[in-house]
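Working through the structure, step by step
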Amino acid sequence: CPPLGLETLKITDFQLHASTVKRYGLGAHRGRLNIQAGVSENDFYDGAWCAGRNDLHQWIEVDARRLTRFTAVITQGRNSLWLSDWVTSYKVMVSNDSHAWVTVRNGSGDVVFEGNSEKEVPVLNELPVPMVARYLRVNPQSWFQDGSICLRLEVLGCPLPDPNNYYHRRNEMTTTDDLDFRHHSYKEMRQLMKVVSEMCPNITRIYNIGKSQQGLKLYAVEISDRPGEHEVGEPEFHYMAGAHGNEVLGRELLLLLVQFLCQEYLAGNARIVRLVEETRVHIVPSLNPDGYEEASEGGSELGGWSLGRWTHDGIDINNNFPDLNSPLWEAEARQSSP
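Heads up: these notes are all about the structure in this document. Remember, predicted model here, so these are calculated numbers, not experimental data.

Each value, and the rule that gives it
- Residues numbered from 1 in each chain as written.
- Predicted model: local features only at pLDDT ≥ 70, side-chain atom pairs only at ≥ 80, totals over all residues.
- Heavy atoms only, no water.
- Phe/Tyr/Trp six-rings, centres within 6.5 Å; stacked < 30°, edge-to-face > 60°.
- Helix = DSSP H or I, 4+ residues; strand = E, 2+ residues; numbered from the N terminus.
- Buried < 20%, exposed > 50% of the residue type's maximum accessible area, 1.4 Å probe, protein only.
- Disulfide = S-S within 2.5 Å.
- Salt bridge = Lys/Arg side-chain N within 4 Å of Asp/Glu carboxyl O.
- Expected span 1.5 Å × (residues − 1).
- Arc of directions from axis to C-beta.
- Contact = heavy atoms within 4.5 Å.
- Pairing = 2+ DSSP bridges.

Moving on: the packing of aromatic side chains. Across all of its chains, the model carries five aromatic pairs by this definition. Residues Trp86 and Phe144 carry aromatic rings whose centres are separated by 4.3 Å and whose planes lie at 25° to one another, so their mutual orientation is stacked. Taken together, the residues span a long stretch of sequence, with Trp86 in the loop between β3 (60-76) and β4 (87-95) and Phe144 in the loop between β9 (123-143) and β10 (150-159) at a distance of 58 residues. Look at Trp86 and you get buried, because its relative accessible area is 9%. For Phe144, a relative accessible area of 24% translates into the label partly exposed. With a centroid separation of 6.4 Å and 65° between ring planes, the pair formed by Trp101 and Tyr135 is classed as edge-to-face. On the criterion of sequence distance, the pair formed by Trp101 in the loop between β4 and β5 (102-103) and Tyr135 in strand β9 is long-range, its members being 34 residues apart. Pair check on accessibility: Trp101 and Tyr135 agree, each one buried.

If you want it as structure tokens, here you go:
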């Protein structure tokens, strides 16, 4: 695996932490491989991380910010014209939460890695087996007898896709198909939902939950491996947008979500297939289509914040949700219409 990027500054100062520091100029943010010190001693930007005490409880920690397959560690001593400081041996620990730590072991005992014998030549130590975690710590066990605990560091690791964090996986999750990125009128919204349903007939069902004051149907789309069927024990989610008709982004986000789920399911995306098979999702892109049409006719420049906010009969749906749970469950038990 390649370096995480301590030397290249891809790993930021905020991702480096230490047990103690001798002073700010020798903080964890200076514990980067090949970093150089200033000419003057006690320079504000010094040449390593140095612990505030010399004991076996000191450490420097790297937060990879995602699950990573750690494979090796490279260390150096302190870059200094005047002083000789380096770590001669150390242990490596990993963690997923920075609280519970596991020390790298080989057989029945903790591995003590051989560190540096002088301050400038980097020493690479590969882990006996790769360790998957978010955090990695180097815990010095011995150091140059006439010096202090000081080191510069690089960590080798391969970032792993995180199934629970979309933002860290956005490159892997981006569909290769075109999505319809634009504002949709009521008629265009209805047509798009129909197109998606025809693309994915086995996992979608379009229905309506009633009509608006102006007679526009409130369309919903269900996404499930068994559309129209309540499966005992399977989580069900209801997403809706457009309670305020002039707040239009929610409608477009949910329409994009419907397209995305359909296209990625057809593409065999494992995460989306599992989502469709193990949950039942109901999406209502526009709960107040009357308000949307009114605001659209007025235009964003002249409409003002209130035009289209409420329903045609003056109700703010955002503050007026009824208790639908009991009627919905009763209707489903009777197998009556949606």
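Having seen the model, we can carry on.
Summed over the entire model, instances satisfying the criterion amount to three disulfides. Note on cysteine connectivity: Cys1 is disulfide-linked to Cys158, with sulfurs 1.9 Å apart. Taking the torsion about the sulfur-sulfur bond, which here is approximately -110°, the covalent link between Cys1 and Cys158 counts as left-handed. Residue Cys1 is located in the segment before β1 (16-18), and its partner Cys158 is located in strand β10; the two are separated by 157 residues in the primary sequence.

Moving on: the pattern of salt bridges. Under the criterion given, the structure shown has 17 salt bridges. In this structure, the salt-bridge partner of Glu222 is Arg280, at a minimum N-O distance of 2.7 Å. Residue Glu222 is found in strand β12 (residues 217-223), and its partner Arg280 is found in strand β14 (residues 280-284); the two are separated by 58 residues along the sequence. A relative accessible area of 0% places Glu222 in the buried class. We note a salt bridge from Glu229 to Arg226, for which the minimum N-O separation is 3.6 Å. Classification of Glu229 as partly exposed rests on a relative accessible area of 36%. Members of the salt-bridge network, linked through shared partners, are Arg23, Asp46, Arg78 and Asp85.

The next thing to look at is helix α2 (residues 186-199). Its 14 residues place the ends of α2 20 Å apart at the C-alpha level, agreeing with the 20 Å of an ideal helix rising 1.5 Å per residue. For α2, the complete set of buried residues consists of Tyr186, Met189, Leu192, Met193, Val196 and Ser197. Buried residues of α2 fall within an arc of 135° about the axis and therefore sit on the same side. Among the exposed residues of α2, those oriented more than 90 degrees off its buried face are Lys187 and Glu198. For α2, the secondary structure elements touched by its buried residues are β11 (204-211), β12, α3 (249-266) and α5 (289-298).

This part is about the pairing of β4. Successive side chains on a regular strand alternate, one facing one side of the sheet and the next facing the other. The buried fraction of β4 is high, at eight of nine residues. Bridging between β4 and β9 involves eight bridges; their strand directions are antiparallel. Counted as the bridge partner of Met93 is Arg137 from β9. Note that β4 and strand β8 (residues 113-114) share two bridges and pair antiparallel. The residue of β8 that forms the bridge with Tyr90 is Phe113. Where β4 and β5 come together, two bridges link them in antiparallel fashion. Within β5, the residue paired with Met93 across the bridge is Thr103.

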